[in-house]
Amino acid sequence: MAISDDLPLMRGLSRAPIPDAMPLVLASGSPRRAQLLRAAGYEFTIDPASDDAECGVCSRETAPELVARYAYRKAESVVRRHGRAMILAADTVASCGGQILGKPHNEEHAAEMLRTLSGRRHDVYTGVCLWSTGESRCIVDVVRTELQMQSLSETMIREYLDTLLWEGKAGAFGFQDGNDWIEIVGGGSESNVVGLPMERLKELLENFHSVAETIDARQSETPTSNE
Ligand SMILES: Cc1cn([C@H]2C[C@H](O)[C@@H](COP(=O)(O)OP(=O)(O)OP(=O)(O)O)O2)c(=O)[nH]c1=O
C-alpha cells in the first residue's frame with residue numbers, strides 16, 4: 001500500500017476567472033482543498049474557518065443538508081476578517097446506509113467507519129459556499145459522488161489504520177491514498193470525494209452573478225440541495 005497523501009492527477013482541474021477579479025480566500029485548513037485549487041491554477045490565500053463552524057448536529061438533517069449548512073457556516077466564520085474578497089468554504093462527509101460519517105475522532109472510531117463502508121456502495125457529499133463580501137451575496141451548492149468500497153478484512157483495516165492516512169478524512173478513508181479499494185460509480189467527480197468539486201466550482205464562479213443570493217434575504221439559512 002502506498003503511504004503518500006499527495007493527490008493523484010485528476011480530471012476537471014481547470015480554473016474560471018474570479019468574478020470582478022476579487023481576491024480568492026480559501027476558508028479551509030484542508031491540505032487537499034489547497035492542493036486542488038493550486039493544481040487548477042487558482043491564486044488564493046488561506047484563512048481557515050473557525051473550528052466551531054462544524055458544531056451543532058441536527059438529528060433529522062440529511063448528509064446534503066449538513067454539508068450545505070457547514071460550508072455556509074465556515075464561510076461566514078471568516079467573512080468579517082476580509083475586505084473585498086470571494087470567500088470559498090467547503091465541507092465533506094460520507095454517507096452509508098443512512099449513517100453520516102464525518103472525520104473520525106480516534107483510531108477505533110476510524111475502524112468502525114471502515115467496517116461500515118466495507119463491501120458497500122456509499123456516497124460522498126461536498127457542500128461548497130462562495131461568498132462575495134463586496135456585494136454580500138453567496139451561493140451554496142452540494143455535489144454527490146457514489147462510490148463502491150471492496151470488502152475489507154480486519155487485517156486490511158488494521159494495516160490501513162497503521163498508516164495514519166485516515167486522520168482528518170471523512171469516512172476514515174482517502175480515495176487518493178493510492179490503493180485500489182474504492183471505485184467511483186458512474187463517472188462522478190473525483191475532486192468532490194477529496195474535498196472540493198472542481199468542475200462545479202468552475203461553473204459556480206462562471207455563473208456567480210446569476211445564481212448568488214443576497215445574504216440578508218437568506219437569514220443565515222442554507223438551501224436544501226437536490227443532490
Ligand atoms: C472522503 C474523503 C475525504 N477527504 C477529506 C477532505 C476533507 O479535508 C476532509 C473532511 O473534513 P472537512 O470537515 O470537510 O474539512 P477539514 O476539516 O479537512 O478542513 P476545513 O474544515 O478547515 O475546511 O476529508 C479526503 O481527503 N479523501 C477522501 O476520500
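Position numbers for residues count from 1 along each chain, tracking the sequence in the order it is written. In keeping with the model being predicted, local features are shown solely for residues with a pLDDT of at least 70 and side-chain atom pairs are shown and tallied solely at 80 or more, while totals for entire chains, interfaces and linings include all residues. Just so you know, side-chain values use all the structure's heavy atoms and leave hydrogens and water out.

The name given to the protein chain in an unreviewed UniProt entry is dTTP/UTP pyrophosphatase, with Stieleria magnilauensis as the source organism. UniProt positions are given in the numbering used here, feature names are shortened, and annotations may be inferred rather than shown by experiment. You can read under Subcellular location (unreviewed entry) in the UniProt record for the protein chain the words "Cytoplasm". Looking at the Sequence similarities (unreviewed entry) heading of the UniProt record, one finds this comment for the protein chain: "Belongs to the Maf family. YhdE subfamily."

This next bit is on the overall build of the protein chain. Tallying secondary structure elements over the protein chain gives eight helices and eight strands in all. In this scheme, a residue with accessible area under 20% of its type's maximum is buried, one over 50% is exposed, and one in between is partly exposed, where area comes from a 1.4 Å probe on protein chains only. The buried share of the protein chain, taken over its 227 residues, is 51%. In this description, contact between two residues means that some pair of their heavy atoms is separated by no more than 4.5 Å. For the protein chain, restricting intrachain contacts to residue pairs at least 6 apart in sequence, the fraction spanning at least 24 positions comes to 73%. Areas reported as accessible are Shrake-Rupley estimates using a 1.4 Å probe. Residue values count occlusion only from the protein chains shown. Total accessible area computed for the protein chain in this model is approximately 10,600 Å², and 46% of it derives from carbon and sulfur atoms. Note on conventions: DSSP H or I runs of at least 4 residues are helices, E runs of at least 2 residues are strands, and numbering of each starts at the N terminus.

Summary of the distance rule: residues count as near a molecule or strand when at least one heavy atom falls within 4 Å of that molecule or strand. Near the ligand, the surroundings consist of 22 residues, among which Ser28, Arg33, Lys74, Lys103 and Phe175 are the closest. In the environment of the ligand, an oxygen atom lies 3.1 Å from a nitrogen or oxygen atom belonging to the side chain of Ser30. The separation between an oxygen atom of the ligand and a polar main-chain atom of Ala170 is 3.1 Å. Looking at the shell around the ligand, the elements with two or more residues in it are helix H1 (31–40), strand E3 (86–96) and helix H5 (190–194). In protein, a polar contact means a hydrogen-donor-capable atom and an acceptor-capable atom, both N or O and within 3.5 Å, with residues adjacent in sequence counting only if both atoms are side-chain atoms; elsewhere, any N or O pair within 3.5 Å suffices.

We now examine the pattern of salt bridges. Two side chains that carry opposite charge are able to pair once their charged atoms sit near each other. One side-chain nitrogen of Lys or Arg within 4 Å of one carboxyl oxygen of Asp or Glu is enough to make a salt bridge. What the rule picks out here adds up to 13 salt bridges. Across the pair Arg158 and Glu108 runs a salt bridge whose closest N-O atoms are separated by 2.9 Å. In this pair, Arg158 sits in helix H4 (residues 154–163) while Glu108 sits in helix H3 (residues 107–117), placing the two residues 50 residues apart along the sequence. Among the ionic pairs, Glu206 bridges to Lys202, the shortest N-O distance being 3.8 Å. You can see Glu206 and its partner Lys202 sitting in helix H6 (residues 198–206), four residues apart, about one turn around the helix. For Glu206, a relative accessible area of 49% gives the class partly exposed. Overlapping salt bridges, with partners in common, bring together Glu107, Glu108 and Arg158 in one network.

In this fold, Glu154 is placed in helix H4. Judged by its relative accessible area of 40%, Glu154 is partly exposed.

With that settled, the discussion passes to H4. Along H4, the positions that sit buried rather than exposed are Ile157, Tyr160 and Leu161. For H4, the angular spread of the buried residues around the axis is 100 degrees, confining them to a single face. Among the exposed residues of H4, those oriented more than 90 degrees off its buried face are Thr155 and Asp162. Tucked into the core, H4 has its buried residues touching H3. Directions from the helix axis toward the C-beta atoms define the arc.

Looking at soluble globular proteins, one finds that nonpolar side chains tend to be buried together. Counting residues in hydrophobic clusters, the biggest one holds 50 residues, and the most contacted among them are Leu37, Tyr42, Leu88, Leu130, Leu196 and Leu201. With sequence-adjacent residues up to four places away left out, Leu88 is seen in contact with Leu24, Val25, Leu26, Ala27, Leu37, Val128, Cys129, Leu130, Leu196 and Leu201. Here the nonpolar core consists of buried residues drawn from Ala, Val, Leu, Ile, Met, Phe, Trp, Tyr and Cys, with membership extended through side-chain atoms lying within 4.5 Å. Formed by 23 residues, the second largest nonpolar core is a distinct cluster that contains Val25, Ala71, Val79 and Cys129.

Two cysteine sulfurs form what is called a disulfide whenever their separation falls within 2.5 Å. Evaluation of the coordinates by the stated rule reveals zero disulfides. Of all cysteine sulfurs, the one in Cys138 lies closest to Cys129, which takes part in no disulfide; the gap is 4.5 Å.

Moving on, we come to unusual backbone geometry. If you check the backbone angles, Ala21 has positive phi at about 50 degrees while not being a glycine. Positionally, Ala21 belongs in the segment before strand E1 (24–26). Here the phi dihedral of Leu164 falls at roughly 65 degrees; this positive angle occurs in a residue that is not glycine. Of note, Leu164 is situated in the loop between H4 and strand E7 (182–184).

Of all the positions in H6, only Met198, Leu201, Leu204 and Leu205 are classed as buried. The buried side chains of H6 occupy one side of the element, clustering within an arc of 115 degrees when seen end-on.

Summarizing the sequence annotation, UniProt attributes the feature "active site" (unreviewed entry) to Asp91 in the numbering used throughout. Mapping Asp91 onto the fold places it in strand E3. With relative accessibility at 2%, the residue Asp91 sits in the buried group. For Asp91, the side chain forms a polar contact with the side chain of Lys74, separated by 2.8 Å.

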